[in-house]
Amino acid sequence: METVPAIPGALLKWLARPADEVAPGLLGAQLLRATAEGAVGVRITEVEAYLGERDPGSHAFRGQTNRNKAMFGPAGHIYVYFTYGMHHCVNIVCGHAGIATGVLIRAGEVTHGRELAYRRRTSAKNDTELARGPGRLAQALGLTLADNGRAFVPGELELRLPATPAPPAHVRSGPRVGVSGEGGTDSYPWRFWLEGEKTVSPYRAAKPRRRSDG
């Protein structure tokens, strides 16, 4: 029987922390997905942290459901959800099994497989638009609900941390995009992005009745 390569232990240990601690360190990291169509890689430029049952902006605020169970761990998996009847969004699961905490990948720069990303993102007018926003990013990578709960596996789905963390002077933080109620206020400044990156999505406050993004 063929052995499936395991996610490196050092990465698992690094992810086994609350999402608000993990999130800034993901800026500049590479998220890569390989399928039969080919491989696409994205350099992460914008993220949002969600802390489960102690976070009013999180899908897991009221506990575990069939929809959000992947968010309850263990670390080293992804939580993919479908929103507005049209967009998939991908979160990297952090922390420890049984505790819902994850990082929504909001935006990035396509660095590998740009031609394939354009085939998936036919409405993109330029490279900046390929993965600007969580729905576009998931589409460029070819991630859907079928990937919900998928583990990181070398050669299939990979997270490669930057050799050098982003300098603190280049990292910005603020309230999360489109999150209603208290979870979308300045009390939860858990959106992090790289200053000056064109791929970072514009900030928008919540609209009435909008569902949270993480």
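Residues numbered from 1 in each chain as written. Predicted model: local features only at pLDDT ≥ 70, side-chain atom pairs only at ≥ 80, totals over all residues. Heavy atoms only, no water.

A separate point is the side chain of T45. Along the chain, T45 turns up in strand β2 (residues 38–50). At 2.9 Å, the side chain of T45 forms a polar contact with the side chain of T199. The residues touching T45, leaving out its near neighbours within four places in the chain, are L27, A107, G108, E109, F192, W193, L194, E197, T199 and V200. (Helix = DSSP H or I, 4+ residues; strand = E, 2+ residues; numbered from the N terminus. Polar contact = N/O pair within 3.5 Å; in protein donor to acceptor, adjacent residues only side chain to side chain. Contact = heavy atoms within 4.5 Å.)

Of all the eight residues making up helix α4 (residues 134–141), six are buried; the element is thus mostly covered by neighbouring parts of the structure. Along α4, the positions that sit buried rather than exposed are P134, G135, L137, A138, A140 and L141. Where α4 is buried, its residues touch β1 (30–35), β2, β4 (87–93), β5 (102–112) and α3 (114–120). A positive backbone phi angle near 75° is found at G142, which sits one or two residues after α4. (Buried < 20%, exposed > 50% of the residue type's maximum accessible area, 1.4 Å probe, protein only.)

This part takes up the pattern of salt bridges. Going through the model one piece at a time under the given rule, you end up with 13 salt bridges. E46 is the partner of R106 in a salt bridge, and the nearest nitrogen-oxygen pair spans 3.1 Å. Separated by 60 residues along the polypeptide, R106 in strand β5 and E46 in strand β2 bring together distant segments of the chain. Exposure remark for R106: the relative accessible area of 5% places this residue in the buried category. (Salt bridge = Lys/Arg side-chain N within 4 Å of Asp/Glu carboxyl O.)

On to the pairing of strand β8 (residues 191–194), then. Of the two faces of β8, the one carrying R191 and W193 and the one carrying F192 and L194 are both buried. Direction of pairing for β2 relative to β8: antiparallel, over a ladder of three bridges. Looking at β8, one finds that V47 is bridged to F192. Relative to β8, strand β7 (residues 171–174) runs antiparallel, the two sharing four bridges. When the sheet's bridge partners are listed, V171 is paired in β8 with L194. (Pairing = 2+ DSSP bridges.)

Our next topic: the environment of D127. The residue D127 is located in the loop between α3 and α4 in this model. On the basis of relative accessibility, which here comes to 39%, the residue D127 falls in the partly exposed class. It is 7.4 Å that separates the C-alpha atoms of D127 and V110, two residues lying 17 residues apart in sequence. In contact with D127, not counting residues within four places along its chain, are R114 and Y118. Here R114 takes part through its side chain, which lies 3.4 Å from a polar atom of the side chain of D127.

Purely spatial values, then, with no claim about function.
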